[in-house]
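An overview of the molecular structure
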Amino acid sequence: VVVVVVVVVVVVVAERARERGRHMMAEAEGRVSEARGRSGEASSSSSSSSYRCVWSSEGEDRSKGIVCSVSASVDGRYVFTGASDKTLRVWQVLPATCASRLRCLQTIRDAHQDWIRCVAVSPGGGHVFTGSRDETIRVWRINPGGGGGTAEPILELAGILKGHNDWVRSLVTVDADDSILFSVSDDCTIREWDLTPFSKGSKREDDDGVVSSSAQGSDGVILVDRCMIKRTSPKGIKSLAICPHREFIYIGFTDYTVRCMDINGSDVRKAFKGHTGIVTSMQISTTVDSPGHHLLFTGSDDHTVRQWCTGSAVCLKVFSGHSGWIRDIKVWSRKLFSCSEDNKIFVWSLDPADDHRSAPPPHEQWVTSHLTLEGHTAAVWQLAITPDCRLLVSSSADGRIKAWGIGP
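Here we summarise the structure given alongside this text. The numbering scheme is per chain: residues are counted from 1 as the chain's sequence reads. The predicted origin of the model limits local features to residues at a pLDDT of at least 70 and limits the giving and counting of side-chain atom pairs to 80 or more, whereas totals for whole chains, interfaces and linings rest on all residues. As a rule here, side-chain values cover all heavy atoms of the structure and leave hydrogens and water aside.

Assigned secondary structure in the chain consists of two helices and 32 strands. Counting across all 408 residues of the chain, residues that qualify as buried make up 54%. Throughout, a residue-residue contact means that at least one pair of heavy atoms, one from each residue, lies within 4.5 Å. A separation threshold of at least 6 residues defines the contact pool for the chain, and within that pool the share at least 24 residues apart is 50%. Surface summary for the chain: the accessible area is close to 18100 Å², and the carbon and sulfur share equals 50%. Numbering of helices and strands starts at the N terminus; helices are DSSP runs of H or I of at least 4 residues and strands are runs of E of at least 2. To sort residues, take the accessible area from a 1.4 Å probe on protein chains only and compare it with the maximum for the residue type: under 20% means buried, over 50% means exposed, and anything in between is partly exposed. In this description, accessible areas are obtained by the Shrake-Rupley approach with a 1.4 Å probe, and a residue is regarded as covered only by the protein chains that are shown.

So this is what it looks like as structure tokens:
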């Protein structure tokens, strides 16, 4: 009888220890909490049951520097990350039934000569672009036969774009067009690059007769030393968004404003004013087909995200709650995701009525209700959403990337 009692006690103690271990692991991987707005504020409530941290990079998979950027492939098979330790990594997205949701398939060390500040994927899914503090952009070809147990690499260097005189801050692709890439640099320029040499081995001339000059090295890498169009500003440029219909570009300047300009000219159509800090990130909502009713979302180092009507340049809502400046924002379905220097990710619900709002509200509405995704121990730099809308991937200054379940 004594032996049986001892065995039972040992089993109970071990089970409690395992439960405490699971709880501590969950705390380390990520937490979800809810903040509700005060009475009279615009509602942004969401159910926390759909959001959870499902994976975190640890050990050898953890970067030795800041993971500055993250982007998902068009087919949803891969996630690409760039870091301050100059490494470019390829992660395989695994099914939800697997214990680990991401697996590192390829690590390219010294992919640049300095920090990799931004990563983007071509709309057709054939190339990955990386921008760096070494003032260059590198073009990587996605090898369809790479990975999957083969010795073939997934990414291979295809080309280098040169011309910027300061670090490349952001890269923006254009929907359904693999021939154009926009880059934003701290040299106060936006450059438009002709990518046809990477698909046809040719060069293209624009309306003004400017030719993108390219040459192929002995190793097969194409060197492009001149962009197709260069836009220069006396003010610093920190962010960029392209209208889905490719009519306009939206530029975030260091004077705290966003200006809408013709994509093929320099005329300013509208100015978006209201932020009290630099606009660090932007995204245009594509939930409505009418160009006059697209919504522009802007994140700023004033700790807020603003929602604008692009037709009137009127601010509809101000999302407030972060205690650090906003590094990135993503809009998916009826949700807005924001990440910040405060180490947190916020999830905000969006009002469908804003899609068709024909008249501005009497005053901008402040939204404070949100879900908080916690787990990173340093600033969250960037977000990516997989095409199936089931995973949100975050990159951070703590050297980790985390995957959050956001879909059914």
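Looking now at the nonpolar core. The definition of a nonpolar core used throughout is a set of buried Ala, Val, Leu, Ile, Met, Phe, Trp, Tyr and Cys residues joined through side-chain atoms within 4.5 Å. The biggest cluster of nonpolar side chains holds 16 residues, and the ones touching the most others in it are F129, I137, L161, L171, L181, W193 and F198. Residue assignment for this core shows that the elements contributing at least two residues are β7 (116–121), β9 (137–142), β10 (155–161), β11 (168–174) and β15 (222–224). Other than its neighbours up to four places away in sequence, L161 contacts T136, I137, V139, L181, W193, L195, F198 and V224.

Let us now look at the sheet that holds strand β19 (residues 258–262). Here four strands make up an open sheet; going across it, the order is β17-β18-β19-β20 and the pairing antiparallel. In this open sheet, the two edge strands, each paired with only one partner strand, are β17 (237–242) and β20 (268–272). Strand after strand, the sheet turns through a mean of 20° between neighbouring axes, direction not considered. Two strands qualify as a pair provided DSSP detects at least 2 bridges between them. Orientation is described by axes fitted as lines to C-alpha atoms, over the contacting stretch for helices, and by angles from 0 to 180 degrees between their N-to-C directions.

Let us now look at the pattern of salt bridges. Put simply, a salt bridge is a Lys or Arg side-chain nitrogen that is within 4 Å of an Asp or Glu carboxyl oxygen. One pass over the structure, following the stated rule, counts 14 salt bridges. Across the pair E341 and R327 runs a salt bridge whose closest N-O atoms are separated by 2.5 Å. Remark: R327 occurs in strand β25 (residues 326–332) and E341 occurs in the loop between β26 (335–340) and β27 (345–349); sequence separation between them is 14 residues. What emerges from the salt-bridge pattern is a single network uniting E58, D398 and R400.

Most of strand β4 (residues 78–83) sits out of view: six of its six residues are buried. Across the two faces of β4 the burial is the same, with Y78, F80 and G82 and V79, T81 and A83 all buried. Bridge count for strand β3 (residues 67–72) against β4 is five bridges, and the pairing is antiparallel. Its bridge partner lying in β4, V67 is registered against A83. Between β3 and β4, which pair antiparallel one after the other, the connecting turn spans five residues, and G76 there sits at a positive phi close to 80°. For β4 and strand β5 (residues 88–93), the ladder comprises five bridges, and the chain directions are antiparallel. Across the sheet, residue V79 finds its bridge partner in β5, namely W91. Linkage of β4 to β5, two consecutive antiparallel strands, is achieved through a turn of four residues, within which K86 is found at a positive phi near 75°.

Before going further, it helps to examine the environment of V79. With respect to the helices and strands, the residue V79 is situated in strand β4. Separated by eleven residues in sequence, V79 and V90 place their C-alpha atoms 6.0 Å apart. In this view, V79 contacts V70, S71, A72, R89, V90, W91, V93, L102 and V393; residues no more than four positions away in its chain are not counted.

Pairing of aromatic rings covers Phe, Tyr and Trp, the last counted by its six-membered ring, and requires centre-to-centre distances within 6.5 Å; plane angles under 30 degrees mean stacked, over 60 mean edge-to-face, and any other angle means tilted. Taken as a whole, this structure holds nine aromatic pairs when the rule is applied. Pairing Y250 with F272 gives two aromatic rings, centres 5.9 Å apart and planes at 65°, and the pair type is edge-to-face. Within this pair, whereas Y250 is found in strand β18 (residues 248–253), its partner F272 is found in strand β20, the two being separated by 22 residues in sequence. Accessibility assignment for this pair places Y250 and F272 in one class, buried. Taken together, a centroid distance of 5.7 Å and an interplanar angle of 70° make the contact between F346 and W348 edge-to-face. According to the relative accessible area criterion, W348 is buried, its value standing at 0%. Three or more aromatic residues link up through ring pairs in this structure, and these residues are Y51, W332 and F337. Geometrically, a charge over a ring is one whose NZ (Lys) or CZ (Arg) sits within 6 Å of the ring centre while staying within 35 degrees of the ring normal. Lying over the aromatic face of F253, K235 brings its terminal NZ or CZ to 5.9 Å of the ring centre.

Right, let's get into the environment of G126. Relative to the helices and strands, G126 resides in the loop between β7 and β8 (127–132). Taking the C-alpha atoms as reference, G126 lies 5.4 Å from I142; in sequence the two are 16 residues apart.

Let us now look at unusual backbone geometry. Even without a glycine there, the phi angle at Y256 is positive, about 80°. Take Y256: it is sitting in the loop between β18 and β19. Positive phi is not limited to glycine here, since H303 has a value of about 80°. When you line up the elements, H303 lands in the loop between β22 (295–300) and β23 (304–309).

A few words now on the sheet that holds strand β1 (residues 31–35). Across the sheet, five strands lie side by side as β1-β29-β27-β26-β25; this open sheet has antiparallel pairing. Each edge of the open sheet is held by one strand with a lone partner, namely β1 and β25. Within the sheet, the average angular offset between the axes of one strand and its neighbour, ignoring direction, is 20°. As paired strands, β26 and β27 are joined by five bridges and run antiparallel to one another.

Attention now moves to the side chain of S122. Of note, S122 is situated in the loop between β7 and β8. We call two N or O atoms a polar contact when they sit within 3.5 Å, provided that within protein one can donate a hydrogen and the other can accept it, with sequence-adjacent residues counted only if both atoms are side-chain atoms. Here the side chain of S122 touches G126 through a polar contact of 3.1 Å, landing on its backbone nitrogen. For S122, the residues in contact, after removing those within four places along its chain, are V74, H127, F129, T173 and D178.

Attention now moves to the state of the cysteines. Only a pair of cysteine sulfur atoms within 2.5 Å qualifies as a disulfide here. All told, the structure shown has zero disulfides when counted by the stated rule. Distance from the sulfur of C260, which forms no disulfide, to the nearest cysteine sulfur (C243) is 7.6 Å.

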